[in-house]
Amino acid sequence: MTTTRLPKTITAGALLATPIPPVKWIIPGLLPAGLALFAGPSKAGKSWLTLWLYLQISQGKSVWGREIEPRTVLYFSLEDTLGRLQERLYQLVDAEEDPERLILQTESNGIGQGLEEQIVSFVHTYPDISLIVIDTLQKVRKADRNGSMYANDYKDIGALKELADKYGICILLVHHLRKQSSSDPYDQISGSTGIMGVADTTWLMHRQRMSKTATIRVIGRDMDEKMLHIREENCVWTLDEEETAEQQALKAIPDYLWKVADYIDSVGKWQGTATELLVAANISDVKPNQFTRKMAHYARDVFSPRGIEYKYIRTEQKRLFEFFHDDDDGDDDDIDISELFHWGIPQTSSSASLASQRSRKESKHGRSVATGQPAEKPTGTAPNPCEAAGA
């Protein structure tokens, strides 16, 4: 396998004039060459999902709407037996298929103890190899109590990344999550931050036990962050929805902010406290201080695109919001804040405007406009062999 090797030192001018090969994608837009990490909770279906992915790649079959170039895949399935792998393959492979490009191995050496030599040998034996999977990472790590956890993690993972970069392949490490929850989902990855720090791409899977659905967060140096909503059907994970980072941010905006924006659109100008605004916009079960914080956080996403501007003014007695449109005549700054109480502003919003905005948002999020509930998706009721036989 030939790869383009750049010198370790190069001037910026020379780099600008040097043609660099494009990113090599194993799964376009989701999994490039390099060191990749696939982390998820124990018994969440990682092994079933990843085995299906390896079969698709080795046979050149599409993955979630993406066309795949067939390549040899080496799968170190170090927590399984050949008998268990055979049972899974019976569920995933059609009778007429012959997946010769997927190579399975249930034993390997450890990092620094012969694993690197095994990988190099496979690369030279199968020149078209594109993906090497190690399931799980912990199985190939040696116990080393010298140095910090971060230093050890960085050293071990760095050794595998060096091979991936050298040969232009993807080495995918299957890994576990901690049981403790965290506000940052990536902090749940077992081990130190050195593991994710080395990885070029990280897949983070979350699934409730026995649930038919799961999510995978995908983040990497060569792509924008994505969220995959997947569903298990007959041991195969299909894609329900794929969200970009921008779409994820939109879904995080509370519904009541859209209602307030509709209300301000309907009245043109408004001034008063957060409590008064929530009452005027017919919003309940939201605390004024909660609303104030969310307003500051999402104003640019909700109000600015609609030409709505606001001021947050503190007086000795009250904390007041003043809303107006950016195409107003500009005299608002000269109005005494006390005079704003005398505006003849209607206290109800346009129901048509609210319904229109809500409909647009709910349709983006895959919700039923009529009920506000998630749209129904068919689910099977037959016994699921994937739950009993897979990790």
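Please refer to the structure higher up on the page.
This is a predicted model, so every value here is computed, not measured.

Trainee: Just to check I follow, could you spell out the overall build of the protein chain for this structure?
Mentor: A count of helices and strands for the protein chain gives twelve helices and 14 strands. Across the 391 residues in the protein chain, those meeting the buried criterion constitute 43%. Intrachain contacts of the protein chain at a sequence separation of at least 6 include 63% that bridge at least 24 residues.

Trainee: Even after reading the chapter, I still don't get the environment of Met 196, so can you show me in this structure?
Mentor: You can see Met 196 is positioned in helix H6 (residues 193-198). Residue class for Met 196 comes out partly exposed when judged on its relative accessible area of 25%.

Trainee: Would you explain the sheet that holds strand S4 (residues 72-77) in this entry?
Mentor: Backbone hydrogen bonds are what pair the strands of a sheet, in a parallel or an antiparallel way. The nine strands are arranged S5-S4-S6-S7-S3-S8-S9-S10-S11 in an open sheet whose pairing can be described as mixed. Taken across any chain shown, the strands that pair with only one partner, and hence form the sheet edges, are strand S5 (102-105) and strand S11 (236-244). Here the average twist between neighbouring strands, direction ignored, is 20 degrees. Of the strand pairs in this sheet, strand S3 (residues 34-40) and strand S7 (residues 170-176) are connected by seven bridges, and their pairing is parallel. Considered in S7, the bridge of Phe 38 is made with Val 174.

Trainee: Explain helix H2 (residues 46-59) here, please?
Mentor: Think of an α-helix as turning once every 3.6 residues; residues three or four places apart then point the same way. For H2, built from 14 residues, the straight-helix expectation of 20 Å at 1.5 Å per residue is met to within 8% by its first-to-last C-alpha distance of 20 Å. The buried count for H2 comes to 13 of 14 residues, which makes it a mostly enclosed element. Gly 60 sits one or two positions beyond H2 and adopts a positive phi of about 70 degrees.

Trainee: I'm lost on the sheet that holds strand S14 (residues 319-325) in this one. Help?
Mentor: Overall, antiparallel pairing links the three strands, which are arranged S12-S14-S13 in an open sheet. Each edge of the open sheet carries a strand with a single partner, namely strand S12 (270-272) and strand S13 (308-314). For this sheet, the mean inter-axis angle between neighbouring strands, taken without regard to orientation, is 10 degrees. Bridge count between S12 and S14: three bridges; the pairing is antiparallel.

Trainee: Looking at this model, I keep getting lost on the pattern of salt bridges. Mind explaining?
Mentor: Where charged atoms from two side chains of opposite charge come close, those side chains can pair. All told, the structure shown has 18 salt bridges when counted by the stated rule. Residues Lys 212 and Glu 232 are paired through a salt bridge, measuring 3.3 Å at the closest nitrogen-oxygen approach. Note that Lys 212 is positioned in the loop between strand S8 (201-206) and strand S9 (213-220) and Glu 232 in strand S10 (residues 223-233), a separation of 20 residues in sequence. According to the relative accessible area criterion, Lys 212 is partly exposed, its value standing at 24%. A single salt-bridge network, built from bridges that share partners, covers Lys 161, Asp 165, Asp 200 and Arg 221.

Trainee: Would you take a moment to explain the side chain of Asp 153 for this structure?
Mentor: Mapped onto the elements of the fold, Asp 153 is located in helix H5 (residues 149-167). In this structure Asp 153 touches Arg 141, Gly 158, Gly 191, Ser 192, Gly 194 and Ile 195, once residues within four positions along its chain are discounted.

Trainee: What is the right way to look at the packing of aromatic side chains in this model?
Mentor: For any two aromatic rings, the description comes down to two numbers: the centre-to-centre distance and the angle of the planes. Within the structure shown, the criterion is met by 14 aromatic pairs. On the numbers, 5.9 Å between centres and 35 degrees between planes, the contact of Phe 303 with Phe 323 is tilted. In this pair, Phe 303 sits in the loop between helix H10 (288-302) and S13 while Phe 323 sits in strand S14, placing the two residues 20 residues apart along the sequence. For the pair Phe 303 and Phe 323, one class covers both residues: buried. Pairwise contacts between aromatic rings join Tyr 256, Phe 291, Phe 303, Tyr 310, Tyr 312, Phe 321 and Phe 323 into one cluster. Taking NZ or CZ as reference, Arg 88 lies 5.9 Å from the ring centre of Trp 48, over its face.

Trainee: Would you take a moment to explain unusual backbone geometry for this structure?
Mentor: With the exception of glycine, most residues fall at negative phi, and the peptide bonds are largely trans. The linkage connecting Asp 135 with the following residue, Thr 136, adopts the cis geometry, with an omega of 10 degrees. Backbone geometry places Cys 235, a non-glycine residue, at a positive phi of 75 degrees. Turning to its location among the elements, Cys 235 is positioned in the loop between S10 and S11. Assessed through its relative accessible area of 1%, Cys 235 is described here as buried.

Trainee: Is there a simple way to explain the nonpolar core in this structure?
Mentor: A general feature of soluble globular proteins is that nonpolar side chains tend to end up buried together. Counting 38 residues, the largest nonpolar core has Leu 49, Tyr 54, Trp 64, Leu 131, Trp 203 and Ile 216 as its most contacted members. Element by element, the count of residues in this core is highest for H2, at eight residues. Here Trp 64 is in contact with Leu 30, Leu 49, Trp 52, Leu 53, Trp 203, Ile 216, Leu 228, Ile 230, Trp 237, Thr 238 and Leu 239, once residues within four sequence places are set aside.

Reading the values: the criteria
Residues numbered from 1 in each chain as written. Predicted model: local features only at pLDDT ≥ 70, side-chain atom pairs only at ≥ 80, totals over all residues. Heavy atoms only, no water. Helix = DSSP H or I, 4+ residues; strand = E, 2+ residues; numbered from the N terminus. Buried < 20%, exposed > 50% of the residue type's maximum accessible area, 1.4 Å probe, protein only. Contact = heavy atoms within 4.5 Å. Pairing = 2+ DSSP bridges. Axes fitted to C-alpha atoms, helices over the stretch in contact; angles between N-to-C directions. Expected span 1.5 Å × (residues − 1). Salt bridge = Lys/Arg side-chain N within 4 Å of Asp/Glu carboxyl O. Phe/Tyr/Trp six-rings, centres within 6.5 Å; stacked < 30°, edge-to-face > 60°. Lys NZ or Arg CZ within 6 Å of the ring centre and 35° of its normal. Core = buried A, V, L, I, M, F, W, Y, C linked by side-chain atoms within 4.5 Å.

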